[in-house]
Amino acid sequence: AHFSPQSLPLNGKRFLITAGPTKEKIDPVRYVTNHSSGKMGYALAEEAAKMGAKVILVSGADNISAPAGVTLVKIESAEDMYNEVMKYFPESDVVIKSAAVADYRPSHVYDKKVKKQAGNLMIEFERTKDILQELGKNKDRQFLVGFAAETNDLEKYALQKLERKNLDMIVGNNILEAGAGFSGDTNIVTIFHKDHSVKKLPLLSKHETANEILGEIILKMGDD
Ligand code: CTP
Ligand code: CA
């Protein structure tokens, strides 16, 4: 089929998407991170751009190249991600937070390499800012989408996060389910809306999942 740019479903909409893990420094050679690959967020960015959206992708992922037509902003820490997201938030229509943001960071970053010594090493961690919760407090017209990767009680935790962070929609998955893990090319998600409607998707590629998620956003974002 041939579409003129004006007929694309997200033509002119501004999307802010976050992807991948964050890295929290211990010293100049070490950091704490998580298993997020960034693939889900990159798939969302690519598919949204194909639908005509202007996409800014704030990413902590490595070894994955920027999708065509997407503006990539690379970050390292949760604090970096917070700063970049706050910068682009006011001009965004839709925010999708698929990043796996660290909840804690070392409370002290050593400026020299930590040398090994006899006995155990104790590292104290402090809380990072909850970026999405902050957006939920400050949103005006923005459609806010969160992710919830859980190992148990998915519906309960996803709905709690939807409420607590003042979201329009949350995408939940059970990372212990085969085909729904962090690094694979497939996912099995359930979408929970603010109006409490629920859409459970089957095992799909991350690109197919992205298209379904974007379809739900298009369906709901005109509603308010
Ligand atoms: N999130 C965020 N900033 C943080 C932590 C999480 O923006 N500091 C976002 C994630 O990008 C995701 C959503 O909040 O879209 C839910 O993240 P998740 O880790 O599942 O929830 P938490 O509120 O951190 O709760 P917990 O890890 O204890 O389950
Ligand atoms: Ca968390």
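These figures come from a predicted structure and were not determined experimentally.

This part is about the pairing of strand β4 (residues 54–59). Across the six residues of β4, five count as buried, placing the element largely inside the fold. Pairing between strand β1 (residues 14–19) and β4: six bridges, direction parallel. Looking at the pairing, T18 lines up with V58 of β4.

Moving on to the UniProt feature "binding site: CTP" (unreviewed entry) in the protein chain. UniProt tags D103, K113, F147, K161 and K165 as "binding site: CTP" (unreviewed entry). The greatest C-alpha distance among the annotated residues, which extend across 63 residues, is 37.9 Å, indicating that they are dispersed rather than converging on a single site. Tracing the backbone shows K113 in the loop between β7 (104–106) and β8 (125–127). Judged by the 10 C-beta atoms lying within 10 Å of it, K113 falls in the exposed class. One can find K165 in the loop between α4 (154–164) and β10 (169–174). Residue classification places K165 among the buried positions, given that 21 C-beta atoms sit within 10 Å. With residues up to four places along the chain from it excluded, the contact list for K165 reads L132, Q133, G136 and G146.

What follows is about the site of ligand 1. Around ligand 1 lies a shell of 15 residues, among which K97, V101, I131, L132 and G146 are the nearest. Those elements that place two or more of their residues in the shell around ligand 1 are α3 (131–138) and β9 (143–150). When residues of the shell around ligand 1 are assigned to their parent elements, the largest contribution, four residues, is made by β9. Residue composition of the shell around ligand 1, by class: eight nonpolar, two polar and five charged.

The rules behind these values
Residues numbered from 1 in each chain as written. Chains lettered and ligands numbered in written order. Predicted model: local features only at pLDDT ≥ 70, side-chain atom pairs only at ≥ 80, totals over all residues. Buried ≥ 20, exposed ≤ 12 C-beta atoms within 10 Å, placed from the backbone. Helix = DSSP H or I, 4+ residues; strand = E, 2+ residues; numbered from the N terminus. Pairing = 2+ DSSP bridges. UniProt positions renumbered as here; feature names shortened; annotations may be inferred. Contact = placed C-beta atoms within 7 Å. Near = placed C-beta within 6 Å. Nonpolar A, V, L, I, M, F, W, Y, C, P; charged D, E, K, R; others polar.

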